[in-house]
Amino acid sequence: MQKMAIFLCFLFFLLISSATACDRCVHHTKVAYFSTASALSSGACGYGSLALGFHGGHLAAGVPSLFKDGAGCGSCFQIRCKNTTLCSRAGTTVILTDLNQNNQTDFVLSSRAFMAMANKGMGQQILKLGLVDVEYKRVLCNYNKQNLALRVEEMSKKPNYLAIKVLYQGGQTEIVGMDVAQVDSSRWTYMTRNYGAVWDTSNAPSGPLQFRFVVTGGYDGKWIWAKKKVIPADWKAGEVYDAGVQISDIAQEPCYPCDDENWR
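Each residue is numbered by its place in its chain's sequence as written, counting from 1. For a predicted model such as this one, the threshold for reporting local features is a pLDDT of at least 70, and the threshold for listing and counting side-chain atom pairs is 80 or more; totals across whole chains, interfaces and linings nevertheless cover every residue. Just so you know, side-chain values use all the structure's heavy atoms and leave hydrogens and water out.

K.L.:
What exactly am I supposed to notice about the environment of N100 here?
P.N.:
Within the element layout of this structure, N100 appears in the loop between β4 (92–99) and β5 (107–110). Here a polar contact means two N or O atoms within 3.5 Å. Within protein one must be a hydrogen donor candidate and the other an acceptor candidate, and residues neighboring in sequence count only if both atoms are side-chain atoms. There is a polar contact of 3.0 Å between the side chain of N100 and the backbone nitrogen of N102. Secondary structure elements are taken from DSSP: a helix is a run of H or I of four residues or more, a strand is a run of E of two residues or more, and numbering for both begins at the N terminus.

Here it is, written out as structure tokens:
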């Protein structure tokens, strides 16, 4: 029953997600920037200072349809501005770390990411504009073979309450379900999204812990199983543990008419 409930929740999420946006489509908007990346690293996804190391500090706050109540945290987008005099065709890749409540722009970028859209030597000129027209699409996240990692949050309290932050989620997916169990046990406890990239449970098992995830992969949901023992019995708040698995899946939706759209 628990497994069925997770997949029903996933299917509902997938239908809502497909109705609001198609990741493979090219979208058009304006983007602005924050003067410091720290404004984005302290954002709604909860990455904190760890975010400053993501993609060289190329960070972004996204509107609710991209943030997806936290499921969009960690997703990657290629953004390029339309000013062909100032900007390169490659643009820049950013990772979503915060929620943007400004409905005038789909993204607010770190200044480093904003400058990276420019041609060589023109970073300061694009900064002076403050706001530029862009086109963007979602792309694969690549952490250079870095495994998925789980950070035990400081608000965790033994023996029952456990809060986990998910880091280095590769591919082009969202995590829509997460379970935890004692190693060698088949009694899984579901976790809920507390906020952003943080999941928690008030019924944490004792002993060393294993995890499994439901991600949007292909046209359906997919189980991803972490290595048998991820977090030891004597886990410590603030520690980051290697999940021993990498996510490289690409979520697909029926996105007519842009299923076969080429981005020139």
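Read on for the rest.
K.L.:
How should I be thinking about the pairing of strand β8 (residues 162–167) in this particular structure?
P.N.:
Both faces of the sheet carry side chains from a regular strand, because those side chains alternate between them. Most of β8 sits inside the fold, with six of its six residues counted as buried. Working definition: with a 1.4 Å probe on protein chains only, accessible area under 20% of the residue-type maximum means buried, over 50% means exposed, and in between means partly exposed. The two faces of β8 match: L162, I164 and V166 on one face and A163, K165 and L167 on the other face are all buried.

K.L.:
When you look at the pattern of salt bridges in this model, what are you seeing that I'm missing?
P.N.:
Pairing is possible between side chains that carry opposite charge, provided their charged atoms lie close to one another. Note on definitions: salt bridges are taken to be side-chain nitrogens of Lys or Arg within 4 Å of carboxyl oxygens of Asp or Glu. Under the criterion given, the structure shown has 10 salt bridges. A salt bridge links R80 to E135; its shortest N-O distance comes to 2.8 Å. Taken together, the positions of R80 in strand β3 (residues 76–81) and E135 in strand β6 (residues 132–139) put the pair 55 residues apart, joining distant regions of the chain. As far as burial versus exposure is concerned, R80 and E135 are alike and both buried. Taking the shortest distance from any N to any O, the salt bridge between D179 and R212 comes out at 2.8 Å.

K.L.:
What's the story with the nonpolar core in this structure? I'm lost.
P.N.:
As a rule of thumb, soluble globular proteins bury nonpolar side chains together. Counting residues in hydrophobic clusters, the biggest one holds 40 residues, and the most contacted among them are I79, F107, L109 and M117. Put simply, the parts of the chain that give this core at least two residues each are β2 (59–62), α3 (64–67), β3, β4, β5, α4 (111–116), α5 (123–129) and β6. The residues contacting I79, other than those within four sequence positions of it, are G91, T92, V94, F107, L109, M117, V134, E135 and Y136. In terms of nonpolar packing, the next biggest core, distinct from the first, is built from 25 residues, V152, L162, I175 and F213 among them. Nonpolar cores are built from buried Ala, Val, Leu, Ile, Met, Phe, Trp, Tyr and Cys residues. Side-chain atoms within 4.5 Å join them into one set. By definition, residues are in contact when any of their heavy atoms lie within 4.5 Å.

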